[in-house]
Amino acid sequence: MTETGFATPDEAETAFYDAFRTANLQAMMKTWADREFIECIHPMSDRDRGRVAVEESWRRIFDGGLKVELELSNVHRTQDALLAIHTVYEHFRSPGDDRRHPPVIATNIYQLIDGGWHMVLHHASPTPQDEFSTAEQFPEQQEPGRLH
């Protein structure tokens, strides 16, 4: 990370998930742009808009004693000069728990601001059980999903 952000969107994403795994609020907020237009939507939650609201949402999660093992799969990235969009499946597991749970589908958007890459949106949604089975069996050959 530079003083003004991360050198690449991938570096910003690695830092985001490292902060998530370690429940480190300070590290988490270093990944986010210091702008009021940022938004974070946690699964089954309303959206949090603005730096103060986003930070408070992560504080509530981390203060709740979050301890997770987290792996990513089905990563898809697209990028232009100023914007990068990453969609991923987040697989959560409690330490010592080997049960498989449906993943969370997340969209992470990074923007180049003042010479560094920063997260501007994290939107996570639960995966429907029927799609989870298909995704796990054929991760690269899924049918297009429903449009909303």
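Because the structure is predicted, anything quoted here is derived from the model rather than measured.

The rules behind these values
- Residues numbered from 1 in each chain as written.
- Predicted model: local features only at pLDDT ≥ 70, side-chain atom pairs only at ≥ 80, totals over all residues.
- Heavy atoms only, no water.
- Patch = residues over 30% accessible without salt bridge, like charges linked within 9 Å, V, L, I, M, F, W, Y side chains within 5 Å.
- Areas by Shrake-Rupley, 256 points an atom, 1.4 Å probe, with all protein chains shown as cover.
- Salt bridge = Lys/Arg side-chain N within 4 Å of Asp/Glu carboxyl O.
- Helix = DSSP H or I, 4+ residues; strand = E, 2+ residues; numbered from the N terminus.
- Pairing = 2+ DSSP bridges.
- Axes fitted to C-alpha atoms, helices over the stretch in contact; angles between N-to-C directions.
- Contact = heavy atoms within 4.5 Å.
- pLDDT = per-residue confidence, 0-100.
- Core = buried A, V, L, I, M, F, W, Y, C linked by side-chain atoms within 4.5 Å.
- Buried < 20%, exposed > 50% of the residue type's maximum accessible area, 1.4 Å probe, protein only.

1. Overview of a nonpolar patch on the surface
A grouping of Leu82, Leu83 and Ile85 is seen on the molecular surface, where their side chains present a nonpolar patch of about 230 Å² in accessible area. In this fold, isoleucine 85 is placed in strand β4 (residues 83–93).

2. Things to note about the sheet that holds strand β1 (residues 39–41)
Spatially, 6 strands are ordered β2-β1-β6-β5-β4-β3 in an open sheet, and the strand pairing comes out mixed. The open sheet terminates on both sides in strands that have one partner only, identified here as β2 (47–49) and β3 (69–79). This sheet shows a mean twist of 20 degrees between the axes of neighbouring strands, independent of strand direction. Bridge analysis of β1 against strand β6 (residues 116–126) gives 3 bridges, and the strand direction is parallel. Paired with glutamate 39 across the bridge in β6 is leucine 121. Lying on the sheet, helix α1 (residues 9–22) is in contact with β3, β4, β5 (104–113) and β6; it crosses β4 at an angle near 25 degrees.

3. Topic: the confidence of the model for the protein
Confidence along the protein averages 86 in pLDDT terms, with 84% of residues attaining 70 or more. Mean pLDDT across the elements of the protein ranges from a minimum in helix α4 (residues 129–137), with 53, to a maximum in β1, with 98. Below a pLDDT of 50 lies the segment residues 137–148, which in the model reaches 7 contacts outside its immediate sequence neighbourhood of four places, other chains included.

4. Some remarks on the pairing of β3
Across 9 bridges, β3 lies against β4 in antiparallel orientation. Looking at β4, one finds that arginine 77 is bridged to histidine 86. Joining the antiparallel neighbours β3 and β4 is a turn of 3 residues.

5. Let's talk about the nonpolar core
By size, the foremost hydrophobic cluster in this structure holds 30 residues, and its most contacted members are Phe16, Tyr17, Phe20, Met28, Trp32, Val54 and Trp58. Elements with a minimum of two residues in this core: α1, α2 (25–31), α3 (51–63), β4, β5 and β6. It is α1 that contributes the most residues to this core, 6 residues altogether. Beyond its immediate sequence surroundings of up to four residues, tyrosine 17 is in contact with Leu70, Leu72, Val88, Glu90, Ala106, Asn108 and His122.

6. A closer look at the pattern of salt bridges
If you walk through the whole model with that rule in mind, you get 10 salt bridges. Among the salt bridges present, the one from arginine 49 reaches glutamate 39, with a minimum N-O distance of 2.8 Å. Remark: glutamate 39 occurs in strand β1 and arginine 49 occurs in strand β2; sequence separation between them is 10 residues. What makes arginine 49 partly exposed here is its relative accessible area of 46%. With its nearest N and O atoms 3.3 Å apart, the salt bridge here joins arginine 59 to glutamate 56. On the criterion of helical spacing, the pair formed by arginine 59 and glutamate 56 is a turn pair, its members being 3 residues apart in helix α3. Salt bridges here are not isolated pairs; linked through shared partners, they connect Glu39, Arg47 and Arg49.

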